[in-house]
Amino acid sequence: PEASRLAARVAEGIRRRRILILMLGDTSMGMINGYFGPRLLNPHGFTEHKIDQAWIIDRGRRIDEKRIDAAFAFVKDKGVTFHWGERGATDFDANATREQLRDYLAVLDLIDEYKADCLGWQYQLGLIPLRAPSDFAEGLFNSTCRPESNGDTIATATEADQGNVVPMEMMKRLL
């Protein structure tokens, strides 16, 4: 009975306000991992808003360096260990981490602007010469212990996989 009451509360919340997935690039590298699209998502209370990842570059230019400094200090203070400049990864340095945090903050602002509940993020091959990989930023969203946290996770499916973000968001709400 308790689980049924919880499920009913979660379902009612979804009926009141659909779950919005902010989709950052849903078909990079020829992969269409668990992409359902609005026709299949909408009957289940989910919808999507697609954002071109070029927006990350544009919005990133407007991120105040003080926010990046604070985010960098936060992750270091929390014990994140970086293996900068190791053999085979000489391009991975403190600046690359700062750029990953810039992208994290730009996407955090997009989530706030669009009132998104969860995120699908697939790093685009075309970004390789322009941006550091998004893996660190993606991982931060799946934690409550992250820079500028509101105390909750933002369920983030790597590879923009709606087949993962839908159950991740549902589990977050149920748990």
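A brief look at the structure comes next.

## Details of the packing of helix α1 (residues 2-16) against helix α7 (residues 162-174)
Packing of α1 against α7 brings their axes to within 10 Å, and their N-to-C directions diverge by 120 degrees. Regarding the angle of α1 to α7, the classification is oblique. Read as a crossing pair, α1 and α7 show a hand that is right-handed. Along the contact surface, α1 presents Leu6, Ala7, Val10 and Ile14, while α7 presents Met170, Arg173 and Leu174.

## A short note on the sheet that holds strand β3 (residues 118-121)
One open sheet accounts for four strands, arranged β2-β1-β3-β4; its pairing is parallel. In the strand order of this sheet, the two ends are held by β2 (46-51) and β4 (156-158), each with one partner. The mean inter-strand angle of the sheet, taken between neighbouring strand axes irrespective of direction, is 20 degrees. Bridge count for strand β1 (residues 19-24) against β2 is six bridges, and the pairing is parallel. When the sheet's bridge partners are listed, Ile21 is paired in β2 with Glu48.

## Remarks on the packing of helix α4 (residues 65-77) against helix α5 (residues 94-114)
The N-to-C vectors of α4 and α5 enclose an angle of 110 degrees; their axes lie 9 Å apart at closest approach. Considering their axes alone, α4 and α5 lie roughly perpendicular with respect to each other. As α4 packs across α5, the resulting crossing turns out to be right-handed. Mapping the contact onto sequence places Glu65, Arg67, Ile68, Asp69, Ala71, Phe72 and Val75 in α4 and Ala94, Thr97, Arg98, Leu101, Arg102, Leu105 and Asp109 in α5.

## Some words on the pairing of β3
Taking every second residue as pointing to the same face, both faces of β3 are buried, with Cys118 and Gly120 on one and Leu119 and Trp121 on the other. Pairing geometry for β1 and β3, over four bridges, is parallel. By the bridge assignment for β3, Leu24 is matched with Trp121. As paired strands, β3 and β4 are joined by three bridges and run parallel to one another. Residue pairing for β4: Leu119 is matched across the bridge by Thr156. Tracing the backbone out of β3, into helix α6 (residues 135-141) and back to the parallel element β4 gives a crossover that is right-handed.

What counts as what
Residues numbered from 1 in each chain as written. Predicted model: local features only at pLDDT ≥ 70, side-chain atom pairs only at ≥ 80, totals over all residues. Heavy atoms only, no water. Axes fitted to C-alpha atoms, helices over the stretch in contact; angles between N-to-C directions. Helix = DSSP H or I, 4+ residues; strand = E, 2+ residues; numbered from the N terminus. Parallel < 35°, antiparallel > 145°, perpendicular 65-115°, else oblique. Left-handed = near helix turned anticlockwise from the far one by under 90°. Contact = heavy atoms within 4.5 Å. Pairing = 2+ DSSP bridges. Buried < 20%, exposed > 50% of the residue type's maximum accessible area, 1.4 Å probe, protein only. Right-handed = clockwise from strand over helix to strand, strands pointing away.

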